[in-house]
Amino acid sequence: MSASIFELSSNVNFKFEKKTFSEIINERSFETKQDISFSNCIFNEAVILENIIAREILFFECHFKNQFYLGKSVFHYISFYGCTTESDIDIISNTADALSFRSLKVRELEINGNYQSIQFVSSKAEKVLVNDVNNNHSHRESKIEFLVENEFQELKLECSTSFSQIIFKGGFYKSLFFEGEFKKKILFSGVMKIDNLYFESSVFHNRIDFEEGDFEYVSFYRSSFYGLVYLNDMYYVNTKLRSLKIKDLSFHSSNFEKDVTIHISKIESFNCSNCNFKEVFNLNNFSKEKLVSEMVSIGFNGINQGSIIIEQIYAHIVLAGINLGNIYFKDLDIYIISILDYQNNGSLTFSNIKSGDYFIIQNTISGKMNFLNSDINLFNEIIIANSDIDGANFNKYPIKILSQSKSPILGYGIDKRFLRISNLKNVYNQLKKIAKTKGDIDTANRYESLEHKQLLLSKKVGFDSVLLFLNYISNDNGRSWFRGVFFTLTIGLIFFIIYLKTIGIEFYFNQCYQDYVIFITSFPKLELKEYSNLNEGWKTQLVVWLSRIFISYGIYQTISAFRKYGKT
């Protein structure tokens, strides 16, 4: 076994400068009250340091060509400054007040143990694993800080239990993973770029704050959050915006015990599935104008619970799955809202919707859906297909409803024409019932008329279709007494002309209108005395008989329309 490099050292403070170590260094169970430092040294072979006790160990601008291991040791300070490696560094099961990496270039770095402070500054790594660091409770506050100009391809904080604050204030991170149990606060504040950030299969007991940074994708996945989750880009003191941007934010199968607040002016997409919000979830990007470049895609699917508020956003919204909570959309400009394959067992409220292009409900049980201070007719298209909307509450009822979108790009709705007709009949029937329940007789009558129109379109030519057609033209299915009067007078005129023809008299209105008045007011006799000697033919009697039927029908339809407000 080779001699210890510390025993060979002539320097009482164990300082090694500009040395090249060509053999393996394997130092175990060494103790000193002095500092150990390596400056501008080259290590050609592996370095193994275990059970070392010293005040400080420092590596300054050293180069490691092989693996480096420091384990089961105790120091006040451990520092790597300006070092480069061609292999891996393992800092395992040590105890120290401070662990510092500055301008370190390493392939893979693994850290384990207890450290009052860990700092990364201007360092580069393909992979960094912070594994079970500070998993014992201490009365002294501990921190893990990722400061400026770091470049990590993959950073993973994997802790069975961590009692450290974790702070990010700068750097670039391709992928960042949190996995385990985290007792203290997590903060993102500074000029940083994170492509993929995952809070995965973990428990977070304290708050998580996003104040600054550029994030491509952020995922809260299969985890429990017992503290506040606060994503906010505004200084409330002077109402200026911080530099916080999230392209895609995703919540999946997670439980949130406290408020979740997302106040971000720059966010492109938010998706939520199978989440439970015990208090309030609030998403707001303070959109004042309808700008396509600032449109936010919002999606809910799976089973979601809790109070959810979405406000002041220009949004493309997709709702799917099951809602067990209360979702509140407020002060929105909406491009598309698609409620697809959705079961609303809670409540869904739209308040002060400012504008909208497409409103789509398909294969859905809408449940308690409220429009407060919002006119659904501001949407350019309203598509309702194969859905139950009995629980809807409208501020203003929809006027023009489609079974299929006119836009071939959207493709929502029902393709087959006969199914579209049947669907509209069902929709109008539901809206009629809703209006009746609210005591809105005018609207109920209007939807009943529209329902009968669709029923007419659905029938083949036959007795039923004739009856439906007559109901439509005679009084608009009970809505128009004026149409009943007009129908009665018109049908009477038609049969009067035929009556005259059967008795051999030509009809000229300016000559016969007085006879027409006498003819129709003689109902139900419908004969003219001056031509009584000509009324005996069977053709004339048949015309009179048919006239009685249709004029009686017209009178009945007129009376029915007069009674539209009194019908049960």
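Preceding block: the structure.
Definitions and limits used
Residues numbered from 1 in each chain as written. Predicted model: local features only at pLDDT ≥ 70, side-chain atom pairs only at ≥ 80, totals over all residues. Heavy atoms only, no water. Helix = DSSP H or I, 4+ residues; strand = E, 2+ residues; numbered from the N terminus. Contact = heavy atoms within 4.5 Å. Areas by Shrake-Rupley, 256 points an atom, 1.4 Å probe, with all protein chains shown as cover. Salt bridge = Lys/Arg side-chain N within 4 Å of Asp/Glu carboxyl O. Buried < 20%, exposed > 50% of the residue type's maximum accessible area, 1.4 Å probe, protein only. Phe/Tyr/Trp six-rings, centres within 6.5 Å; stacked < 30°, edge-to-face > 60°. Lys NZ or Arg CZ within 6 Å of the ring centre and 35° of its normal. Pairing = 2+ DSSP bridges. Core = buried A, V, L, I, M, F, W, Y, C linked by side-chain atoms within 4.5 Å. Patch = residues over 30% accessible without salt bridge, like charges linked within 9 Å, V, L, I, M, F, W, Y side chains within 5 Å. Expected span 1.5 Å × (residues − 1). Polar contact = N/O pair within 3.5 Å; in protein donor to acceptor, adjacent residues only side chain to side chain.

Draft legend 1. Highlighting the overall build of the protein. The secondary structure content of the protein amounts to seven helices and 40 strands. Contacts in the protein between residues far apart in sequence, at least 24 positions, make up 30% of those at least 6 positions apart. Accessible surface, the protein as shown: approximately 26,700 Å² in total, 51% of it carbon and sulfur.

Draft legend 2. Up close: the pattern of salt bridges. Scanning all chains against the criterion turns up 14 salt bridges. The shortest N-O distance in the salt bridge between glutamate 50 and arginine 28 comes to 2.6 Å. Here glutamate 50 is found in strand S6 (residues 47–53), whereas its partner arginine 28 is found in strand S3 (residues 25–31), with 22 residues between them in sequence. In this structure glutamate 50 comes out as buried when scored by relative accessible area, which is 13%. A residue is classified by how much of its surface remains accessible, and arginine 28, at 41% relative accessible area, is partly exposed. The salt bridge partner of lysine 193 is aspartate 195, with a shortest N-O separation of 2.4 Å. Classification of aspartate 195 by relative accessible area gives buried; the value is 11%. Among the ionic contacts, a cluster of salt bridges with common partners joins Lys174, Lys193, Asp195, Glu216 and Lys247.

Draft legend 3. How the structure looks around unusual backbone geometry. Even without being a glycine, asparagine 40 presents a positive backbone phi close to 55 degrees. Inspection of the secondary structure puts asparagine 40 in the loop between strand S4 (35–39) and strand S5 (42–43). Here asparagine 386, not a glycine, exhibits a phi torsion of approximately 50 degrees, which is positive. Relative to the elements of secondary structure, asparagine 386 occurs in the loop between strand S39 (379–385) and strand S40 (392–393). Judged by its relative accessible area of 47%, asparagine 386 falls in the partly exposed class.

Draft legend 4. Structural view of the packing of aromatic side chains. On inspection of all chains with the given rule, the structure shows 64 aromatic pairs. On the basis of an interplanar angle of 5 degrees and a centroid distance of 4.8 Å, the ring pair of phenylalanine 120 and phenylalanine 146 is categorised as stacked. Of this pair, phenylalanine 120 sits in strand S13 (residues 105–121) while phenylalanine 146 sits in strand S15 (residues 142–146), and the two are 26 residues apart along the sequence. Of the two residues, phenylalanine 120 and phenylalanine 146, both sit in the buried class. With 5.0 Å between their ring centres and 15 degrees between their planes, phenylalanine 178 and phenylalanine 199 make a pair best called stacked. Highlighted residues: phenylalanine 178 in strand S17 (residues 164–182) and phenylalanine 199 in strand S18 (residues 186–200), separated in sequence by 21 residues. One Lys or Arg, lysine 156, reaches over the ring of phenylalanine 177 and ends 6.0 Å from the middle of that ring. Its end group placed over the ring of tyrosine 447, arginine 446 keeps NZ or CZ at 4.6 Å from the ring centre.

Draft legend 5. Layout of the pairing of S39. For S39, the buried fraction is high: six of the seven residues fall into the buried class. The pairing of strand S37 (residues 355–362) with S39 spans six bridges and is classified as parallel. Of the residues in S39, the one forming a bridge with phenylalanine 359 is isoleucine 382.

Draft legend 6. Examining the environment of tyrosine 328 more closely. You can see tyrosine 328 is positioned in strand S34 (residues 326–330). Put simply, tyrosine 328 and serine 347 are 19 residues apart on the chain and 8.2 Å apart in space, counted from C-alpha to C-alpha. Tyrosine 328 has contacts with Ile308, Ile309, Ile310, Thr349 and Ser351, leaving out every residue within four places of it along the chain.

Draft legend 7. Region of the structure containing the pairing of strand S7 (residues 56–60). With burial as the criterion, only one face of S7 is covered, namely that bearing Ile57 and Phe59; the residues Glu56, Leu58 and Phe60 on the opposite face remain uncovered. Sheet topology note: the S4/S7 ladder contains five bridges and is parallel. Across the sheet, the residue bridging to aspartate 35 is glutamate 56, located in S7. Where S7 meets strand S10 (residues 74–81), five bridges bridge the pair, whose relative direction is parallel. Note on S10: the bridge partner recorded for isoleucine 57 is isoleucine 78.

Draft legend 8. The nonpolar core, seen in detail. Phe178, Phe188, Phe199 and Phe251 are the most contacted members of the largest nonpolar core, which totals 124 residues. Residues in contact with phenylalanine 178, not counting those within four places in the same chain, are Leu157, Ile166, Phe168, Ile186, Phe188, Leu197, Tyr198, Phe199, Glu200, Ser202 and Phe204. By size, the runner-up hydrophobic cluster in this structure holds 10 residues, among which are Ile491, Tyr499, Val543 and Ile551.

Draft legend 9. Structural detail: a nonpolar patch on the surface. Judged by side-chain polarity, Leu542, Trp545 and Ile549 come together as a nonpolar surface patch covering roughly 290 Å² of accessible area. As for its position among the elements, isoleucine 549 is in helix H7 (residues 538–562).

Draft legend 10. A look at the environment of asparagine 136. By secondary structure assignment, the location of asparagine 136 is in the loop between strand S14 (124–133) and S15. What asparagine 136 contacts, discounting residues up to four positions off in sequence, is Asn114 and Phe163.

Draft legend 11. Inspection of the side chain of threonine 261 at higher detail. Among the structural elements, threonine 261 can be located in strand S28 (residues 260–263). Setting aside residues up to four positions removed in sequence, threonine 261 forms contacts with Val229, Tyr230, Leu231 and Asn282.

Draft legend 12. Region of the structure containing helix H2 (residues 417–437). With 21 residues, H2 extends 31 Å between its outermost C-alpha atoms, agreeing within 8% with the 30 Å of an ideal straight helix rising 1.5 Å per residue. Inspection of H2 places Ile421, Asn423, Leu424, Val427, Tyr428, Asn429, Gln430, Leu431, Lys432, Ile434 and Ala435 among the buried residues, and these make up the whole buried set. Phi turns positive one or two residues past the end of H2, at glycine 439, with a value near 80 degrees.

Draft legend 13. Main features of the environment of cysteine 62. Tracing the chain through its elements places cysteine 62 in the loop between S7 and strand S8 (63–64). Residue classification places cysteine 62 among the buried positions, given a relative accessible area of 1%. Between the C-alpha atoms of cysteine 62 and lysine 19, which are 43 residues apart in sequence, the distance is 9.5 Å. Those residues within four positions of cysteine 62 in sequence are excluded, and the remaining contacts are Phe38, Ser39, Asn40, Cys41, Phe43, Gly82, Cys83 and Thr84.

Draft legend 14. Spotlight on the side chain of serine 374. Structurally, the position occupied by serine 374 is in the loop between strand S38 (368–372) and S39. Overall, serine 374 belongs to the buried group, its relative accessible area being 2%. Here the side chain of serine 374 touches phenylalanine 350 through a polar contact of 3.5 Å, landing on its backbone oxygen. A polar contact of 2.9 Å, which involves the side chain of serine 374, links it to the backbone nitrogen of isoleucine 353. If sequence neighbours within four positions are ignored, serine 374 has contacts with Phe350, Ser351, Asn352, Ile353, Asn395 and Lys396.

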